[in-house]
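Examining the three-dimensional arrangement
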Amino acid sequence: MTVAIIDDHPVVIEGIQTWLSEEPRISVGHTGETADVEPGVADVLILDLNLHGRIVIGDIARLAAAGQRVIAFSQFTEQQVVLESLEAGACEFVAKNEGRAHLVNAVLAAAGDRPYVTPTTAGVLVGDRGPNRPKLSPQERTALLWWFQSMSKASVARRMEVSVHTVDVYIRRARVKYAQVGRSAPTKADMLARAIEDGLVKPDDITGYESAAVGSG
């Protein structure tokens, strides 16, 4: 898999390259100091959130909407920063002090479209909700609702005007949030049950819903 690294400090880029060079499945194909890159520049884009004094969370949204897998990589770990990065579509948030193993694991998971939760992200997600009910973003709730309505992820993506990858990100994040509060929802049927239990959706909202449509998606 290929990785692009965007950071305005050459020493950080060199450090990440050294970390990634120890993993034979990863090769660095692009480095740069600005977020002015085209989606598809690499399988996974590691993006520093503060480039030349500018917070680039808006660039995460642009890239993620076009299908680019983005890992937010930052020394800023305030709850709002982490949540806004994930809300914009980042596959994962990795704090710069979390070290090589978490960054490499996040890259491998993102490339395989699998969730990976770092300690920083886990702490923020837990702190952002009550003890039993996860706090889903409006985008996550919308993606789930339309997905529950027997729609394919491609149809949900067209309706939300985002990529299928972004829809996958919304659904994966919702699953992670439920898992974090001890209410695992590995299948579509499990997720629907959780959403109804929490009042996020009502049975009447699931127009045309058929039990056969909620298998192990």
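First, a word on what this report is: a plain description of the structure on this page. (Residues numbered from 1 in each chain as written. Predicted model: local features only at pLDDT ≥ 70, side-chain atom pairs only at ≥ 80, totals over all residues. Heavy atoms only, no water.)

**Remarks on helix α4 (residues 99–111)**
- With 13 residues, α4 should reach 18 Å at 1.5 Å per residue; the first-to-last C-alpha distance of 19 Å fits that figure.
- Its buried side turned inward, α4 meets β1 (2–6), α1 (10–21), β3 (44–48), β6 (69–74) and β7 (92–95).
- D113 lies just past α4 and shows a positive phi near 55 degrees. (Helix = DSSP H or I, 4+ residues; strand = E, 2+ residues; numbered from the N terminus. Expected span 1.5 Å × (residues − 1). Contact = heavy atoms within 4.5 Å.)

**Remarks on the packing of helix α6 (residues 138–148) against helix α9 (residues 188–197)**
- Two numbers describe how α6 lies on α9: the axes approach to 11 Å, and their chain directions differ by 120 degrees. Between α6 and α9, the angle is such that the two are oblique. The element α6 and its partner α9 pack so that their crossing is left-handed. Along its contact with α6, which presents L144, W147 and F148, the element α9 presents K188, M191, L192 and A195.
- Its residues assigned to classes, the contact of α6 with α9 shows six nonpolar, no polar and one charged. (Axes fitted to C-alpha atoms, helices over the stretch in contact; angles between N-to-C directions. Parallel < 35°, antiparallel > 145°, perpendicular 65-115°, else oblique. Left-handed = near helix turned anticlockwise from the far one by under 90°. Nonpolar A, V, L, I, M, F, W, Y, C, P; charged D, E, K, R; others polar.)

**A short note on the pattern of salt bridges**
- Under the defined criterion, the tally for this structure stands at ten salt bridges.
- With a shortest N-O distance of 3.3 Å, E22 and R100 are connected by a salt bridge. With E22 in the loop between α1 and β2 (27–32) and R100 in helix α4, the pair connects residues that are 78 residues apart, well separated along the chain.
- The exposure class assigned to R100 is partly exposed, which follows from its relative accessible area of 26%.
- Notably, a salt bridge pairs D59 with R54, separated by 3.1 Å at the nearest N-O pair.
- Overall, the relative accessible area of 10% leaves D59 in the buried class. (Salt bridge = Lys/Arg side-chain N within 4 Å of Asp/Glu carboxyl O. Buried < 20%, exposed > 50% of the residue type's maximum accessible area, 1.4 Å probe, protein only.)

**Description of empty space enclosed by the protein**
- Scanning the entire structure with this criterion turns up one cavity of 30 Å³ or more.
- If you add up the space inside the largest cavity, you get close to 140 Å³.
- Considering every element that reaches the lining of the largest cavity, the biggest residue donor is helix α8 (residues 164–180), with five residues.
- When its residues are assigned to classes, the lining of the largest cavity shows eight nonpolar, one polar and four charged. (1 Å grid on protein atoms, 1.4 Å probe; cavity = no way out; pocket = protein on both sides within 12 Å on 5 of 7 lines; lining within 4 Å. Points joined across faces, edges and corners; volume = space filled by probe spheres on them.)

**Details of the packing of α8 against α9**
- Across the interface, α8 lies against α9 with an axial gap of 11 Å and an inter-helix angle of 65 degrees. With respect to α9, the element α8 is oriented roughly perpendicular. The chirality of how α8 crosses α9 is left-handed. Residues I171, A174, R175 and Y178 of α8 form the contact with α9, whose participating residues are K188, M191, R194 and A195.
- Broken down by class, the residue content of the contact of α8 with α9 amounts to five nonpolar, no polar and three charged.

**Focus: the environment of L47**
- Position of L47 relative to the elements: it lies in strand β3.
- In this structure the C-alpha to C-alpha distance between L47 and S74, which are 27 residues apart in sequence, comes to 8.1 Å.
- If we ignore the near neighbours within four places in the chain, the residues touching L47 are I6, A35, V56, I60, V70, I71, A72 and F73.

**Here's the deal with the pairing of β2**
- Sheet topology places β1 next to β2; five bridges connect them, and they run parallel. By the bridge assignment for β2, A4 is matched with H30.
- The parallel pair β1 and β2 is bridged by α1, and the resulting crossover is right-handed. (Pairing = 2+ DSSP bridges. Right-handed = clockwise from strand over helix to strand, strands pointing away.)

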